[in-house]
Amino acid sequence: MDAILALAGSHEALQVDVPNIKAALSHRQKAIKGLEKTFADWPPPAEEAHVMLATSYLLCFQSSYIEDGFMEHILSLRGCAVLSQLILNESLDGPFSVRVNMHNVLMESKLKNFPHLNQELATEALLAIAGLRHILAPLTADSIEKAIITSLIETIRPLLEHDSDPGSEIESLSTPSLTISTTTSTEMGSPTTTPYGRMHIQNPLCPTNLNLDFDLISWTTLTTPPGPTPDPVKSFNALMYSLLILANWPQDSLMRLFDPTNQLSNVVMAHFLAVRFVISPLSSPQTGMKTPVGAFVKWTERIVDAIEDDEEVKWTKCVVWPAKILRCMKACVERKRGLTFEDIYEMLLYDPGAFKEGRARI
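Residues numbered from 1 in each chain as written. Predicted model: local features only at pLDDT ≥ 70, side-chain atom pairs only at ≥ 80, totals over all residues. Heavy atoms only, no water.

Observations concerning the environment of Pro-260
Note the cut-off: Strands are runs of DSSP state E lasting at least 2 residues, helices are runs of H or I lasting at least 4, and numbering of each runs from the N terminus. Exposure is judged per residue with a 1.4 Å probe applied to protein chains only, and the accessible area is read against the type maximum: over 50% gives exposed, under 20% gives buried, and values in between give partly exposed. The contact definition used throughout considers only heavy atoms, calling two residues in contact when any of these lie within 4.5 Å.
Its location among the elements puts Pro-260 in the loop between helix H11 (251-257) and helix H12 (263-283). The class for Pro-260 is exposed, based on a relative accessible area of 52%. Note: C-alpha distance between Pro-260 and Val-304 (44 residues apart in sequence) is 10.0 Å. When sequence neighbours within four positions are dropped, the list of residues in contact with Pro-260 reads Asn-266 and Ala-306.

Structure, rendered in structure tokens:
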């Protein structure tokens with residue numbers, strides 16, 4: 001109940017000129033203390049596990065309304081992942097029982113009618129990410145930064161289309177299709193046939209056998225479409241995998257990623273948020289289209305503002321594209337305080353030039 005009231009308070013604060021968030025933060029703190037107490041008595045009984053999962057989801061959503069809530073958002077997501085896996089592994093029956101194929105039903109209609117992604121915008125994003133390859137290459141194979149960048153590439157590439165001309169001034173790059181091993185049809189039930197192939201949508205909170213390898217990327221041909229037609233299911237799975245990385249990677253790696261003095265991590269996370277701005281609204285279920293994005297914009301602004309050049313690397317040159325997406329989002333929020341995923345979706349369809357030019361929608 002405290003988490004419900006906390007979320008309601010933060011939502012109300014978005015609707016008024018002079019918000020009072022004290023009550024929302026007070027209820028949030030009470031909910032967090034309750035969660036800490038129950039986590040201390042791990043593992044919880046079935047009924048308590050479902051209450052904890054509901055509370056964690058509510059806190060996760062509430063943190064997405066808070067301007068400095070990015071880290072808390074991810075920590076709440078990690079709690080959701082742990083509890084979801086417990087409920088699934090132990091078959092803990094309850095109102096929030098995790099069914100591996102449950103989200104297929106919710107996403108099938110959306111992905112069957114997946115809209116066209118502006119190809120110049122997709123190419124710009126891929127070329128911006130390609131500019132990071134020399135900085136990322138020296139990192140260890142299991143680095144969280146490499147994993148996130150690889151998932152972002154595989155989020156965009158399946159949406160590339162043949163017979164499109166993104167502009168003669170843009171160099172053509174491409175990569176071989178990075179393998180995403182989805183769960184089997186036996187585990188998922190009978191997959192649904194869509195215009196884009198068999199629908200194997202992965203649960204973002206339950207670990208799966210996904211294979212994304214940074215070292216397999218061929219940077220010389222990055223913008224060549226990997227298949228004959230766009231594959232939004234593959235793109236969606238990769239987008240969810242980027243969240244899976246944050247939800248399940250070792251805690252010390254996550255802390256390093258969110259260190260504001262870590263310039264490389266700032267650059268990676270700026271691209272992570274920028275890609276989510278231009279891809280997430282396309283695949284968001286209808287229930288998520290009213291999600292406000294003002295806090296996401298502030299998260300991106302804080303990260304971009306923290307990036308500074310040093311004697312070795314001109315870091316600011318690494319975030320030219322995310323900074324342009326940020327300018328667009330800031331201009332849109334200034335025009336409409338309650339900007340939502342639905343507003344961004346319409347802009348992607350009817351005025352994608354706003355993203356490319358760093359301005360509000362005309």
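Thoughts on helix H3 (residues 46-63)
Basically, it comes down to this: The span one expects for a helix is its residue count, reduced by one, times 1.5 Å.
Under the 1.5 Å per step criterion, the end-to-end length of H3 is 26 Å for 18 residues, consistent within 8% with the ideal 26 Å. Looking at H3, one finds that the buried residues are Ala-49, His-50, Met-52, Leu-53, Ala-54, Thr-55, Ser-56, Leu-59, Cys-60, Gln-62 and Ser-63. Of the surrounding elements, those touching the buried residues of H3 are helix H1 (2-13), helix H2 (22-40), helix H4 (70-89) and helix H13 (294-305).

Digging into the packing of aromatic side chains
Geometrically, a pair of aromatic rings is defined through the distance of the ring centres and the angle of the planes. The line we're drawing: Here a Phe, Tyr or Trp ring, Trp counted by its six-membered ring, pairs with any other such ring whose centre lies within 6.5 Å, and the pair is stacked when the planes are under 30 degrees apart, edge-to-face when over 60, and tilted otherwise.
Under the criterion given, the structure shown has 6 aromatic pairs. Taking 5.6 Å as the distance between ring centres and 10° as the angle between the ring planes, the aromatic pair formed by Phe-39 and Trp-42 counts as stacked. Among the residues examined, Trp-42 registers a relative accessible area of 38% and is labelled partly exposed. Among the aromatic residues, those joined into a ring-pair cluster are Phe-70, Phe-258, Phe-296, Trp-299 and Phe-341.

As for the nonpolar core
Selection rule: Put simply, buried Ala, Val, Leu, Ile, Met, Phe, Trp, Tyr and Cys residues joined by side-chain atoms within 4.5 Å make one nonpolar core.
Counting 88 residues, the largest nonpolar core has Ile-148, Met-329 and Phe-355 as the members making the most contacts within it. If one sorts the elements of this core by residue count, H12 sits on top with 13 residues. Leaving out residues up to four positions away in the same chain, Phe-355 has contacts with Leu-121, Val-278, Lys-324, Ile-325, Cys-328, Met-329, Ile-344, Met-347 and Leu-348. The next biggest cluster of nonpolar side chains, apart from the first, holds 12 residues, and it includes Ala-31, Met-52, Cys-80 and Leu-86.

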